[in-house]
Amino acid sequence: YWEGVGMITSQTKQLFDVSLAIESDDLASSIGLSNIDVQALGSVDYSDPKNVKFVADTSVTKEFNFELRKTDKILYFKINKIPAFLLSLLGLKPETFDPVLDKWVAYDTSPLDTEARRSLQDREVDPLSEEYLEENFSKYIDETVLEKMKLESATVDGMEMYKISLDADAELIDHFGDKFEAEQSKYQGSSIYSKPSEPVKLSEIIKRMNWEMYIDKKDYYTRKVIIQMDTEVDNGNYINPFLMGFTDSGSEKSKMTFAFVMKSDKFGEEVVIEIPQNAMTFEEFTNRLSVAMQGVYGQLLAPDNPPAELEIPEE
């Protein structure tokens, strides 16, 4: 069975539900939140890798929401809600963004038709092709990894599934790290990239990692993927992108727990994308935003109206 794991049936059209959850006490000390939740719902059609079509409704916590639609080289986006706490930090009021909120914007993603661009497109490799996926699958899922995988049957949402799970220990995490480093070294070279005097093992950063994959027994479509990780980063040696490099928790290490879930359904069904009517151009969007921002900061920076100090409410 394991010889066929890399040949799991894929579809170029499907519905998706992707979510990410992050928990960390260091987040609370940096931005006032102990957890962050992200969810994207929609559908995608990548039967033409050079013109991927998709629809997505994305939320980052309950305070930030935006929609995306992509078809025929045009990306449409609409911002529905902006976090109130972020606006307050910038000294802005929600009504400042009324001219651009809840309005569709069209952005043309077509590249310039140049000889240089055509030469790159001729060399492009479809990252979703069966050949590419199989090649990269074999790079990382070798015998060492397969030996620690578990295969069992499960029933999910009334469907019979194969459940493939992996609970990686420190040794296996370092094995993945060595594989990744070997791949990176092929492209980086040794002349212009300096290496740390004391290499850091991946297991010193990723303390726990496990994932589960649920595959439909009937058609072999991957219905659900779950990845969980616990990380621990030394604040003195690394910049944590989620904390923007800052932490005042008093701890020498930043600890985070991640959970990523991707669910897929309606394989092969046509992706219908409704093109927004009366969408403004990206130039019009930036002009409206610029006028709104100038209206706020122009008053604050006026000589007869110096900016007032922001009052931060006590907790």
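Reading the values: the criteria
Residues numbered from 1 in each chain as written. Predicted model: local features only at pLDDT ≥ 70, side-chain atom pairs only at ≥ 80, totals over all residues. Heavy atoms only, no water. Helix = DSSP H or I, 4+ residues; strand = E, 2+ residues; numbered from the N terminus. Buried < 20%, exposed > 50% of the residue type's maximum accessible area, 1.4 Å probe, protein only. Contact = heavy atoms within 4.5 Å. Areas by Shrake-Rupley, 256 points an atom, 1.4 Å probe, with all protein chains shown as cover. pLDDT = per-residue confidence, 0-100. Pairing = 2+ DSSP bridges. Core = buried A, V, L, I, M, F, W, Y, C linked by side-chain atoms within 4.5 Å.

Draft legend 1. Inspection of the overall build of the protein chain at higher detail. Broken down by element type, the protein chain carries 7 helices and 12 strands. Per-residue burial over the protein chain gives 28% buried out of 315 residues. Long-range pairs, those at least 24 residues apart, make up 60% of the contacts in the protein chain with a sequence separation of at least 6. Carbon and sulfur atoms make up 54% of the accessible area of the protein chain, which amounts to about 21,000 Å² in all.

Draft legend 2. Region of the structure containing the confidence of the model for the protein chain. On average, the protein chain scores 80 in pLDDT, and the residues at 70 or more come to 72%. Helix α1 (residues 25-31) is the least confidently modelled element of the protein chain, averaging 63 in pLDDT, while strand β3 (residues 53-60) averages 96, the highest of any element.

Draft legend 3. Expanded view of the side chain of His-175. Take His-175: it is sitting in helix α6 (residues 170-188). Excluding its chain neighbours within four sequence positions, the residues that come into contact with His-175 are Asp-142, Thr-144 and Val-145.

Draft legend 4. Quick peek at the environment of Ser-203. Structurally, the position occupied by Ser-203 is in the loop between α6 and β9 (206-216). Once the C-alpha coordinates of Ser-203 and Glu-232 are considered, the two residues, 29 residues apart in sequence, prove to be 9.4 Å apart. Ignoring any residue separated from it by four or fewer positions in sequence, one finds Ser-203 in contact with Ala-170, Ile-173 and Asp-174.

Draft legend 5. Looking closely at the pairing of strand β6 (residues 105-108). Note: strand β5 (residues 74-81) against β6, 4 bridges, orientation antiparallel. Counterpart to Tyr-76 in the pairing with β6 is Ala-106. Note: β6 against strand β12 (residues 280-281), 2 bridges, orientation parallel. Residue Val-105 lies in a different strand from β12, and its bridge partner there is Met-280.

Draft legend 6. Molecular detail of the sheet that holds strand β10 (residues 222-234). Read from one edge to the other, the open sheet built from 12 strands follows the order β7-β8-β9-β10-β11-β1-β2-β3-β4-β5-β6-β12, with strand pairing classed as mixed. Looking at which strands have only one partner, the edges of the open sheet turn out to be β7 (149-156) and β12. Bridge count for β3 against strand β4 (residues 64-71) is 7 bridges, and the pairing is antiparallel. Within β4, the residue paired with Thr-58 across the bridge is Phe-66.

Draft legend 7. Highlighting the nonpolar core. Counting residues in each nonpolar core, the largest one holds 16 residues, and the members touching the most others are Val-145, Met-149 and Leu-166. Elements with a minimum of two residues in this core: α5 (143-146), β8 (159-168), α6 and β9. Residue contacts for Val-145: discarding those within four places in its chain leaves Tyr-140, Leu-166, Leu-172, His-175 and Phe-176. If you look at the next biggest cluster of nonpolar residues, it comprises 10 residues, including Leu-87, Phe-97, Val-100 and Leu-101.

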